[in-house]
Amino acid sequence: MDDLQAFMQTNNLHGLELFVYSKERTCKSVQPLVKGVHLRYWPYWLDFWQGNTAKLQNAFTDHSALQEYYWGAVNPEQWIEQIKSNIRLALEENPEYLVWHVANSDLYETFTFDFKHTDTEVTQATAELFNVVADCIPDNICVLFENLWWPGLRLTEPQVVTNFFAAIKHPNTGIMLDLGHLLSTNPQLSTEEEGYAYAQTIVHNLGEHAQRIRGVHLNYSLSGDYVLNLDKTVPTQFDIGDIYQHVTNIDRHLACTHQSLAGLIRLIKPKYLVHELFYNDLADLQSKLRKQQQAINSVEE
């Protein structure tokens, strides 16, 4: 932990957001440094939650594959207990906030972009699911719901945001705006400057809900060149590595460098600014951190 603290001090970082994606603790706690915890996310879950057996049979090769995916659960009631166990493990780190992804996409939709569910369907089902497990989250813990580019809380439709938060039954909630995810909703963007202008427009359009943005996952992704040239078909053969490569070709987690980023951050005024970047080693991360910090602190001419 001493090395980690030294790295944070050197780079003017004040806390960590952890991923807690396992059933049990897999590493030594760094609780004194933790500000937030990102909860486990199942990209494909809505059909399981709603009991759409035919769609589940098409999505999974057999029953054991389904059971493995949902952490041993064979029905929504058992899955709820797995979600609660993940939340309880996250709370052991004494975080100020938890992050919950709001999206749904099965494996085929990930490639084809032919989504079967709307933003409204996904967000309302998320609210229903969250309300069932929310009793294990103390009121003083803020739950920040994160946007993606798949159906769900994309943030591009203010009425969807209004209806979603109206359905949530926890007193302490907000939005974790992932900048790269937001930019991935618009494949026509071609430069960082265009991307941050687009993001400012989205934030303005949220109206009073913009005040719900308590945190930002800071990175950028301009993947229109990849998305617009996809043939939108499912590969005949693929493995988990191919899926990961496809998703990261869209969600690239690059370092923000353009000075127009500063205007966006001033507009949002987030309490939590999280540098969420892909990197090869700590030297690479430090270089990217400093680029983002320079962009945040720049003064536009």
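Residues numbered from 1 in each chain as written. Predicted model: local features only at pLDDT ≥ 70, side-chain atom pairs only at ≥ 80, totals over all residues. Heavy atoms only, no water.

Is there a simple way to explain the pairing of strand 4 (residues 142–146) in this structure?
For a regular strand, side chains alternate in direction, first toward one face of the sheet and then toward the other. Of all five residues in strand 4, five are buried, a share of seventy percent or more. For strand 3 (residues 97–101) and strand 4, the ladder comprises five bridges, and the chain directions are parallel. Paired with H101 across the strands is E146, a residue of strand 4. With four bridges joining them, strand 4 and strand 5 (residues 173–178) adopt parallel strand pairing. Counterpart to F145 in the pairing with strand 5 is I175. The handedness of the strand 4 to strand 5 crossover, carried by helix 8 (residues 158–167), is right-handed. (Buried < 20%, exposed > 50% of the residue type's maximum accessible area, 1.4 Å probe, protein only. Helix = DSSP H or I, 4+ residues; strand = E, 2+ residues; numbered from the N terminus. Pairing = 2+ DSSP bridges. Right-handed = clockwise from strand over helix to strand, strands pointing away.)

I would appreciate a short explanation of the pattern of salt bridges in the present structure.
Pairing between side chains becomes possible if they bear opposite charge and their charged atoms approach one another. Per the stated rule, a full pass over the model turns up six salt bridges. Between D119 and R154 there is a salt bridge, with the nearest N and O atoms lying 2.9 Å from each other. Of the two residues, D119 is situated in helix 7 (residues 119–133) and R154 in the loop between strand 4 and helix 8; the sequence distance between them amounts to 35 residues. (Salt bridge = Lys/Arg side-chain N within 4 Å of Asp/Glu carboxyl O.)

Can you walk me through the nonpolar core in this structure?
If you look at soluble globular proteins, the nonpolar side chains tend to sit buried side by side. Core analysis: the largest hydrophobic core is formed by 74 residues, its most contacted members being W45, Y70, W79, W100, F145, L179 and L261. Counting residues in each nonpolar core, the second largest holds ten residues, with F111, W150, V227 and V247 among its members. (Core = buried A, V, L, I, M, F, W, Y, C linked by side-chain atoms within 4.5 Å.)

Before we go on, may I ask you to explain the sheet that holds strand 1 (residues 16–20) in this structure?
What links the strands of a sheet is backbone hydrogen bonding, and the strands pair in either a parallel or an antiparallel sense. With respect to topology, seven strands assemble into an open sheet ordered 1-2-3-4-5-6-7, the strand pairing being parallel. Of all the strands in the sheet, just strand 1 and strand 7 (272–275) have a single pairing partner and so form its edges. Each strand of the sheet is rotated relative to its neighbour by a mean of 25°, with strand direction disregarded. Bridge count for strand 1 against strand 2 (residues 34–39) is five bridges, and the pairing is parallel. Note that in strand 2 the partner of F19 across the bridge is H38. In this fold helix 14 (residues 282–296) packs onto strand 6 (213–218) and strand 7, with an angle of close to 145° to the strand it touches most, strand 7. (Axes fitted to C-alpha atoms, helices over the stretch in contact; angles between N-to-C directions. Contact = heavy atoms within 4.5 Å.)

Looking at this structure, how should I read the side chain of D251?
The residue D251 is located in the loop between helix 12 (240–250) and helix 13 (261–268) in this model. In this structure D251 is buried but unpaired, with R252 as the nearest side chain of opposite charge at 8.6 Å. Among the polar contacts listed, one links the side chain of D251 to the side chain of H253, at a separation of 3.0 Å. The contact partners of D251, leaving out residues within four places of it in the chain, are W149, H181, N219, S221 and F278. (Lys, Arg positive; Asp, Glu negative; His and termini not counted. Polar contact = N/O pair within 3.5 Å; in protein donor to acceptor, adjacent residues only side chain to side chain.)

Before we go on, may I ask you to explain the packing of aromatic side chains in this structure?
For any pair of aromatic rings, geometry is given as the distance between the ring centres together with the angle between the planes. As enumerated under the stated definition, the model contains 20 aromatic pairs in all. Where W42 meets W71, the ring centres are 5.2 Å apart and the plane angle is 75°; that geometry is what we call edge-to-face. In this pair, W42 sits in the loop between strand 2 and helix 2 (46–50) while W71 sits in the loop between helix 4 (63–69) and helix 5 (76–91), placing the two residues 29 residues apart along the sequence. Like W42, the residue W71 is buried in the burial classification. Seen from the ring of F165, R212 lies directly overhead, with NZ or CZ sitting 4.3 Å from the centre. Above the face of the F113 ring, K232 is positioned so that its terminal group lies 5.1 Å from the ring centre. (Phe/Tyr/Trp six-rings, centres within 6.5 Å; stacked < 30°, edge-to-face > 60°. Lys NZ or Arg CZ within 6 Å of the ring centre and 35° of its normal.)

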